[in-house]
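# Topology and contacts: notes
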Amino acid sequence: MSTKCESCHGDLGPTPIPCSICNNSVYCSPTCSSTPSLHATFCTSLQNFQAQPTNHFRAIQFPRRDDAPRFVWLSHLTTSISTQLVPNTQDIKDFLEPTPAHADGPFFEALPTFTCQHCGIEIEVYCLRERDRTSGDIGRNKAFMSVYDGLREKVWRGGLLARGFARGGTTHQPRNLETGCAIEVVRVLKEQMEGGEN
C-alpha cells in the first residue's frame, strides 16, 4: 500500500481512506478520494487483470491509436542462455504496434530503468526508436495524450509499454505493475518527453 495520497501526493493523515475499487491506493481525506485522478483512470482497468496466466506479468500499454492506456499481460520465457524469465520480445513488438516499415531489424529500445516511488520495484519502458521524429507515418501516442497535461507536440510517436521487475543480485524477477506504478510511469515519461527535443 502506498504511503502517499494518490491525489495530492501529501502524507497520509491518521485515518487514510483506501480506494473503494482496488483497496491498494489510499487518500488523505474525503476530498482527495473524490477528486478525479490518474489513479481512477488505471484502477478500473486493473480490475480486469486479476487472474494471472502462467509466466505472464501485468504491464502497462499506451497504444498509439487508442483513447486510453491499459493493463496487459506480457508473457515471459526462459532462453537457451538462462533459466531466468525474460520478457517475450515478440509480445513487446506486438504491443508497440509496428508499421510495415519496421519489418526489418530492431525497431524498439528500452529507456533507462527507474525505481517506482510507490512500491520500490524497477520499471522499464519500451518505445519505438523513431519516437522523436517530426515526420513519417507514425502518429503521436493518443493513449498517452489522454493522461498528459502538457504540450501535445512533445508526446512521442508510436506505442509505449512499461514492465516491472525486482533486482536480486544478478537476476531480475518480473513483477506485476499496479495503479501506483502506472502513475509513476506517466510522471517519468512526461519528464523525459518535456526534456527532449521533438
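Reading the values: the criteria
Residues numbered from 1 in each chain as written. Predicted model: local features only at pLDDT ≥ 70, side-chain atom pairs only at ≥ 80, totals over all residues. Heavy atoms only, no water. Phe/Tyr/Trp six-rings, centres within 6.5 Å; stacked < 30°, edge-to-face > 60°. Buried < 20%, exposed > 50% of the residue type's maximum accessible area, 1.4 Å probe, protein only. Salt bridge = Lys/Arg side-chain N within 4 Å of Asp/Glu carboxyl O. Helix = DSSP H or I, 4+ residues; strand = E, 2+ residues; numbered from the N terminus. Axes fitted to C-alpha atoms, helices over the stretch in contact; angles between N-to-C directions. Parallel < 35°, antiparallel > 145°, perpendicular 65-115°, else oblique. Left-handed = near helix turned anticlockwise from the far one by under 90°. Contact = heavy atoms within 4.5 Å. Nonpolar A, V, L, I, M, F, W, Y, C, P; charged D, E, K, R; others polar. Polar contact = N/O pair within 3.5 Å; in protein donor to acceptor, adjacent residues only side chain to side chain. Core = buried A, V, L, I, M, F, W, Y, C linked by side-chain atoms within 4.5 Å. Arc of directions from axis to C-beta.

### What about the packing of aromatic side chains?
Centre-to-centre distance and the angle between the planes together describe a pair of aromatic rings. Going through the model one piece at a time under the given rule, you end up with four aromatic pairs. Plain terms: the ring middles of phenylalanine 144 and tyrosine 148 are 5.6 Å apart, the flat faces sit at 35° to each other, and that makes the pair tilted. On the basis of relative accessibility, which here comes to 0%, the residue phenylalanine 144 falls in the buried class. When its relative accessible area of 4% is taken as the criterion, tyrosine 148 is described as buried. Here the aromatic residues Phe62, Phe144 and Tyr148 are joined through ring pairs into a cluster of three or more.

### What about the pattern of salt bridges?
Applying the stated rule across the entire model yields nine salt bridges. Among the ionic pairs, glutamate 124 bridges to arginine 163, the shortest N-O distance being 3.0 Å. On the criterion of sequence distance, the pair formed by glutamate 124 in strand 8 (residues 122–128) and arginine 163 in strand 9 (residues 160–168) is long-range, its members being 39 residues apart. Using a relative accessible area of 8% as the deciding quantity, one classes arginine 163 as buried. Ionic pairing is found between arginine 187 and glutamate 191, a salt bridge with its closest N-O pair at 2.7 Å. Of this pair, arginine 187 and glutamate 191 are both found in helix 5 (residues 179–195), four residues apart, which corresponds to roughly one turn of the helix. Ionic contacts of the salt-bridge type, sharing partners, join the residues Glu184, Arg187 and Glu191 into one network.

### Some remarks on the environment of leucine 128
The residue leucine 128 is located in strand 8 in this model. Residue class for leucine 128 comes out buried when judged on its relative accessible area of 0%. Sequence separation between leucine 128 and glycine 159 is 31 residues, and the spatial gap between their C-alpha atoms is 6.9 Å.

### Some thoughts on the packing of helix 2 (residues 38–46) against helix 5
Packing of helix 2 against helix 5 brings their axes to within 9 Å, and their N-to-C directions diverge by 135°. Between helix 2 and helix 5, the interaxial angle falls into the category oblique. Both helix 2 and helix 5 take part in a crossing whose hand is right-handed. The residues of helix 5 that touch helix 2, namely those facing Leu38, His39, Phe42, Cys43 and Leu46, are Thr179, Ala182, Ile183 and Val186. Residues that form the contact of helix 2 with helix 5 fall into these classes: seven nonpolar, two polar and no charged.

### Considering the side chain of histidine 76
Along the polypeptide, histidine 76 turns up in strand 4 (residues 70–77). Only 3.0 Å separates the side chain of histidine 76 from the backbone oxygen of leucine 74, close enough to count as a polar contact. For histidine 76, the residues in contact, after removing those within four places along its chain, are Asn55, Phe57, Leu85, Val86, Pro87, Asn88, Arg163 and Pro174.

### Notes on the nonpolar core
Grouped together as the largest cluster of nonpolar side chains are 30 residues, with contacts concentrated most on Phe62, Ile123, Phe144 and Leu189. Secondary-structure elements contributing two or more residues to this core are helix 2, strand 3 (56–62), strand 4, strand 8, helix 4 (142–145), strand 9 and helix 5. Counting residues per element, this core draws most heavily on helix 5, at seven residues. Isoleucine 123 has contacts with Thr113, Phe114, Cys116, Ala162, Arg163, Leu177, Cys181 and Val185, leaving out every residue within four places of it along the chain.

### Observations concerning helix 2
Each α-helix turn comprises 3.6 residues. Residues three or four places apart therefore point the same way. Of all the residues in helix 2, the buried ones are His39, Phe42, Cys43, Ser45 and Leu46. With its buried residues spanning 165° around the axis, helix 2 presents them on a single face.

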